[in-house]
Amino acid sequence: MFDGLKDKLDSFRSDVEESAEDGSGADPEGAAEPEPPDEPSAETDGVEDTAAGDAPADADSPSRLQRAKAFATGKVVLEEEDLEEPLWNLEMALLESDVEMGVAEAILDQIRSNLVGETKSQMASTGDLVEDALRDALLEVISVGQFDFDERIAEADKPVTIVFTGVNGVGKTTTIAKMARYLEERGHSSVLANGDTYRAGANEQIREHAEALGKRLIAHEQGGDPAAVIYDGVEYAEANDVDVVLGDTAGRLHTSSDLMAQLEKIDRVVDPDLTLFVDESVAGQDAVERAQQFDDAAEIDGAVLTKADADSQGGAAISVAYVTGKPVLFLGTGQGYDDLDRFDPESLVDDLVG
Ligand SMILES: Nc1nc2c(ncn2[C@@H]2O[C@H](COP(=O)(O)OP(=O)(O)OP(=O)(O)O)[C@@H](O)[C@H]2O)c(=O)[nH]1
Ligand SMILES: [Mg+2]
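Let me sum up the structure you'll find in this document. The model shown is predicted, which means the values in this text are computed figures rather than measured ones. (Residues numbered from 1 in each chain as written. Chains lettered and ligands numbered in written order. Predicted model: local features only at pLDDT ≥ 70, side-chain atom pairs only at ≥ 80, totals over all residues. Heavy atoms only, no water.)

With that settled, the discussion passes to the side chain of D243. With respect to the secondary-structure elements, D243 resides in the loop between α11 (226–240) and β6 (244–249). Buried charge without a salt bridge: D243, with K158 as the nearest opposite-charge side chain at an N-O distance of 5.6 Å. A distance of 2.9 Å separates the side chain of D243 from the backbone nitrogen of S189, its partner in a polar contact. In contact with D243, other than residues within four places in its own chain, are K158, P159, V160, G187, H188 and S189. (Helix = DSSP H or I, 4+ residues; strand = E, 2+ residues; numbered from the N terminus. Buried < 20%, exposed > 50% of the residue type's maximum accessible area, 1.4 Å probe, protein only. Lys, Arg positive; Asp, Glu negative; His and termini not counted. Salt bridge = Lys/Arg side-chain N within 4 Å of Asp/Glu carboxyl O. Polar contact = N/O pair within 3.5 Å; in protein donor to acceptor, adjacent residues only side chain to side chain. Contact = heavy atoms within 4.5 Å.)

This is how it looks when you write it as structure tokens:
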């Protein structure tokens, strides 16, 4: 998962290391070595005096002074010019990984402000500094809007209604089946309600999952009103003390205004506790754009990115939360019922950078 992105982030670290070695790191070293014959003595004196703590204030710019001091105490400073080329390469790498432009820029800004002027012990590697800066920057964009899903479900009044939305074939129905298993493992009962009254065969498909999982399915005939089916699901749950209603919807294109209006209706009639937008991790920026469109039609509370097992780029996982303000809550990592992982920003970032 996200292996291509991992490699690219790793290249950034080695880029900065190389650049720092023949960039500013060498500078104070040069200044401290026996001075070249023509070097004005004030500058060299400035460096050495700095160690003695009495450099004339006007002899050097603060950053030079800072660098000289840092060098004298066994530290060097990373400068903006050391980072320029690596940051450019990183930006290209992020865009190649289908990270949304504004998100890539936010990551770069954060890294720049973390690293420029950073001093390091000569014993500690530049690589460690870069790793920390990358980790902070990624975490900042990935964790936008995160909340504890398990806690939310556990504490909510029952039944909790969750409606799943998204375009065709991304894995909504499969995610619902996985979610029923996920909830069961945490002690919550669930009922499936098939709001996909549009596609032929939709009832049969979800019924197979319900039977395999031992869950009750509420379904109407093809062509029926999706809001009514999910509403029936809620009534069934209320009457039977079921904790969670998992409402499926038909896949629809975000460009189809009729079908998007139908989502609004479901949202209005059912008033779900949570609406989860489902899309494929591999869809990258398309998934980000669709998340926004679906959020506009029926406000989403979070996203599930499926097929992360087949995604080496990770662009959607990095971008969705920052762009939409709604967190990625789960990753689908395969076709089995257990292949649904909580999206944990910290462990993802550890995995990407560590
Ligand atoms: N590899 C992989 N395949 C997945 C994942 N989630 C779903 N799929 C597969 O994606 C295909 C489509 O899944 P569905 O659950 O039918 O998708 P849907 O969004 O309900 O489709 P429509 O109802 O037609 O809009 C199926 O073959 C699933 O097995 C995942 O996390 N990883
Ligand atoms: Mg479906």
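Now that the structure has been shown, the text picks up again.
Every buried residue belonging to helix α15 (residues 345–353) is among P345, L348, V349, L352 and V353, and all of these are buried. All buried residues of α15 fall inside an arc of 115° around its axis, so they share one side. Against the buried residues of α15 lie α1 (3–21), α7 (126–142) and α14 (315–324). (Arc of directions from axis to C-beta.)

Before going further, it helps to examine the site of ligand 1. Ligand 1 sits among 20 residues. The nearest are K172, T173, T174, D309 and Q335. K307 places a polar main-chain atom, nitrogen or oxygen, 2.9 Å from an oxygen atom of ligand 1. The contact in question runs from an oxygen atom of ligand 1 to an N or O atom on the backbone of G334, over 3.2 Å. For ligand 1, the protein covers 81% of the area, taking 650 Å² as the surface of the free molecule. When residues of the shell around ligand 1 are assigned to their parent elements, the largest contribution, four residues, is made by helix α9 (residues 172–185). Here the residues of the shell around ligand 1 sort into two nonpolar, 12 polar and six charged. (Near = heavy atom within 4 Å. Areas by Shrake-Rupley, 256 points an atom, 1.4 Å probe, with all protein chains shown as cover. Nonpolar A, V, L, I, M, F, W, Y, C, P; charged D, E, K, R; others polar.)

Okay, the environment of M101 next. For M101, the position within the fold is in helix α6 (residues 101–115). In this structure M101 touches E91, L95 and Q285, once residues within four positions along its chain are discounted.

The subject of this paragraph is the nonpolar core. Core analysis: the largest hydrophobic core is formed by 93 residues, its most contacted members being I111, L138, F149, I162, M179, L246 and I318. No other element matches the eight residues that α7 contributes to this core. Ignoring anything within four residues of it in the chain, the contact list for I318 reads L5, V99, V103, I107, L138, V141, I142 and L352. (Core = buried A, V, L, I, M, F, W, Y, C linked by side-chain atoms within 4.5 Å.)

Let us look at the pairing of strand β4 (residues 190–195). Regular strands show a simple pattern: their side chains alternate between the two faces of the sheet. With respect to burial, β4 is a largely interior element, six of its six residues being buried. Judged from the six bridges that link them, β4 and β6 form a sheet pairing that is parallel. Residue N194 lies in a different strand from β6, and its bridge partner there is D248. (Pairing = 2+ DSSP bridges.)

In contact at an axis separation of 10 Å, α9 and helix α10 (residues 202–213) are set at 20° when each is read in the N-to-C sense. The angle between α9 and α10 places the two elements in the roughly parallel class. As α9 packs across α10, the resulting crossing turns out to be right-handed. Residues T173, T174, A177, A180, R181 and E184 of α9 pack against Q205, I206, H209 and L213 of α10. Classifying every residue of the contact of α9 with α10 by side-chain character gives four nonpolar, four polar and two charged. (Axes fitted to C-alpha atoms, helices over the stretch in contact; angles between N-to-C directions. Parallel < 35°, antiparallel > 145°, perpendicular 65-115°, else oblique. Left-handed = near helix turned anticlockwise from the far one by under 90°.)

Turning our attention to α9. Over its 14 residues, α9 runs 20 Å from end to end, which matches the ideal 20 Å to within 8%, given 1.5 Å per residue. Burial runs high along α9: 10 of the 14 residues are buried. Turning to α9, its buried residues number three or more, namely K172, T173, T175, I176, A177, K178, M179, A180, Y182 and L183. The first or second residue beyond α9 is G187, which carries a positive phi of 85°. (Expected span 1.5 Å × (residues − 1).)

Considering all chains together, one arrives at 20 salt bridges under this definition. The partner of E131 in a salt bridge is R13, with the nearest N and O atoms 2.3 Å apart. Placement of E131 in helix α7 and of R13 in helix α1 is noted, with a sequence separation of 118 residues between them. Assessed through its relative accessible area of 18%, E131 is described here as buried. Linking R186 and D150 is a salt bridge whose minimum nitrogen-to-oxygen distance equals 3.2 Å. Highlighted residues: R186 in the loop between α9 and β4 and D150 in helix α8 (residues 149–155), separated in sequence by 36 residues. For R186, a relative accessible area of 37% corresponds to the partly exposed category.

On to the packing of α7 against α15. Two elements in contact, α7 and α15, have axes whose closest approach is 10 Å; the angle formed by their N-to-C orientations is 140°. The crossing of α7 and α15 is right-handed. Side by side, α7 and α15 meet where E131, L134, R135, L138, L139 and I142 of the first sit next to P345, E346, L348, V349, D350, L352 and V353 of the second. Classifying every residue of the contact of α7 with α15 gives nine nonpolar, no polar and four charged.

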